[in-house]
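Residue-level structure breakdown
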Amino acid sequence: MDNNQGKSRFQDTISRSNSVLIVLPQSPDLDTVAAGLSIYLALSSYGKTSSVFCPSDMLVEFNRLVGVDKVSRELGEKNLTITLRDYPAANIDRVSYNIEGDKMELSIIPKAQVNAPTPEQIVGKLGGMSADTAILMGNVTREGMGEAYIELEKIPSKVTILHGSRPQALDRRMGTVEIVDANASSVSELVGNLLFDTNLPVSGDVANNILMGITVATNNFTDSRVRPETFELAAKLARVRGNGVAPASPDASQGGQPMQAEPAEPMQAEPVVEQL
């Protein structure tokens, strides 16, 4: 599949998605976090409900990136789970609920001769995913994701973004579309080109993140992986950061027009590999 076809499939995946989850790997570096947050910001500007998940805590150095406060160690906030702290489950006889109008009451009935749990023992927690598409930043594995891996498997459509050659250990089940670039200097360069080529919104904040990711990953553009295209992208991003508006970047597969959102429909899992 050529580049334009690969970009078209990526665009189609995003356009048909109602909610997108960006997944960072365990212990990510600044380059990867910058790239993931850039996708999050671009999709949010595009009107997509988006969230960012990482199984690890963010490092202090990542505070320079716009949107780092949006990274969560929870996969979502779709469901409310209620836990009783320091209260034996064996003491509970049954749980019931009653709905009157727009009010719902949940009742925890203890067994005979046992005290009911106190309000202080009740802990509420939001969790659960509503995403229909996941963008995996790198090789997401069961070992790195832990229990979250099982939940990620349930997401119907997935895009895997890989910097460098495809690793032998890549879990092919976790990606229905693969974006691979063995020539880019960094994950941020790969993502920057992807956003421009698919006409997703590139704001000043997005440009700031991508520039920072490239700068750190290439040791201030001194790494041997830096190529002329890296400087060309950096110059374009610098102009965007100064103006706050992305320059036009027509895509041949879309006739030079920005992506148009379409109603969501069921996704078909078909492996696609794009070599940028």
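On a predicted model such as this, the values are computed, not experimentally measured, just so you know.

1. Observations concerning the overall build of the protein
Along the protein, the regular secondary structure elements total 7 helices and 11 strands. Taken across its 276 residues, the protein has 45% of its residues classed as buried. If you take every contact in the protein between residues at least 6 apart in sequence, the share linking residues at least 24 apart comes to 71%. Here the protein has roughly 14,200 Å² of accessible surface; of this, 48% comes from carbon and sulfur atoms.

2. Some remarks on the pairing of strand 1 (residues 19–23)
Sheet faces and side chains relate simply in a regular strand, where the side chains alternate between the two faces. Burial analysis of strand 1 places 5 of its 5 residues in the buried class, the great majority of the element. Burial of the side chains of strand 1 extends over both faces: Ser 19, Leu 21 and Val 23 are buried on one face and Val 20 and Ile 22 on the other. Summarising the sheet, strand 1 and strand 8 (residues 133–137) pair through 4 bridges and their orientation is parallel. Its bridge partner lying in strand 8, Val 20 is registered against Thr 133.

3. Observations regarding a nonpolar patch on the surface
On the surface, Leu 80, Ile 82, Val 95, Tyr 97, Ile 99, Met 104, Leu 106 and Ile 122 cluster together to form a nonpolar patch covering roughly 840 Å² of accessible area. The greatest single-element share of the nonpolar patch, amounting to 3 residues, is contributed by strand 5 (residues 92–100). When you line up the elements, Ile 122 lands in strand 7 (residues 122–127). Judged by its relative accessible area of 42%, Ile 122 falls in the partly exposed class.

4. Details of the packing of aromatic side chains
The geometry of an aromatic ring pair is captured by the separation of the ring centres together with the interplanar angle, meaning the angle of the planes. Taken as a whole, this structure holds 1 aromatic pair when the rule is applied. Measuring from centroid to centroid gives 5.5 Å for Phe 221 and Phe 231, while their planes differ by 25°, and the two rings are stacked. Residue Phe 221 is found in the loop between helix 6 (204–217) and helix 7 (228–243), and its partner Phe 231 is found in helix 7; the two are separated by 10 residues along the sequence. Lys 236 extends its terminal NZ or CZ atom over the ring of Phe 196, reaching a point 4.6 Å from the ring centre.

5. Structural notes on the confidence of the model for the protein
Close inspection of predicted coordinates is inappropriate for parts of the model with low pLDDT. For the protein, the mean per-residue pLDDT works out to 80, and 78% of the residues sit at or above 70. Between residues 247–276, whose pLDDT stays under 50, and residues either more than four places distant or in other chains, the model counts 73 contacts.

6. A few points about the packing of helix 5 (residues 187–197) against helix 6
Contact geometry for helix 5 and helix 6: axes closest at 8 Å, N-to-C directions at 150°. Classified by the interaxial angle, the pair formed by helix 5 and helix 6 is roughly antiparallel. Listed contacts from helix 6 to Ser 188, Glu 189, Gly 192 and Leu 195 of helix 5 are Val 206, Ile 210, Gly 213 and Ile 214. Of the residues that constitute the contact of helix 5 with helix 6, the class distribution is 4 nonpolar, 3 polar and 1 charged.

7. Some points on helix 2 (residues 30–45)
Here helix 2 is 16 residues long and its end C-alpha atoms lie 22 Å apart, about the 22 Å a rise of 1.5 Å per residue gives. In terms of residue burial, helix 2 counts as a mostly covered element, since 14 of its 16 residues are buried. Gly 47 lies just past helix 2 and shows a positive phi near 100°.

8. A word on the side chain of Gln 121
Mapped onto the elements of the fold, Gln 121 is located in the loop between strand 6 (103–110) and strand 7. Since its relative accessible area comes to 16%, Gln 121 is described here as buried. Among the polar contacts made by the side chain of Gln 121, one reaches the main-chain carbonyl oxygen of Asp 86 at a distance of 2.9 Å.

Reading guide: rules and limits
- Residues numbered from 1 in each chain as written.
- Predicted model: local features only at pLDDT ≥ 70, side-chain atom pairs only at ≥ 80, totals over all residues.
- Heavy atoms only, no water.
- Helix = DSSP H or I, 4+ residues; strand = E, 2+ residues; numbered from the N terminus.
- Buried < 20%, exposed > 50% of the residue type's maximum accessible area, 1.4 Å probe, protein only.
- Contact = heavy atoms within 4.5 Å.
- Areas by Shrake-Rupley, 256 points an atom, 1.4 Å probe, with all protein chains shown as cover.
- Pairing = 2+ DSSP bridges.
- Patch = residues over 30% accessible without salt bridge, like charges linked within 9 Å, V, L, I, M, F, W, Y side chains within 5 Å.
- Salt bridge = Lys/Arg side-chain N within 4 Å of Asp/Glu carboxyl O.
- Phe/Tyr/Trp six-rings, centres within 6.5 Å; stacked < 30°, edge-to-face > 60°.
- Lys NZ or Arg CZ within 6 Å of the ring centre and 35° of its normal.
- pLDDT = per-residue confidence, 0-100.
- Axes fitted to C-alpha atoms, helices over the stretch in contact; angles between N-to-C directions.
- Parallel < 35°, antiparallel > 145°, perpendicular 65-115°, else oblique.
- Nonpolar A, V, L, I, M, F, W, Y, C, P; charged D, E, K, R; others polar.
- Expected span 1.5 Å × (residues − 1).
- Polar contact = N/O pair within 3.5 Å; in protein donor to acceptor, adjacent residues only side chain to side chain.

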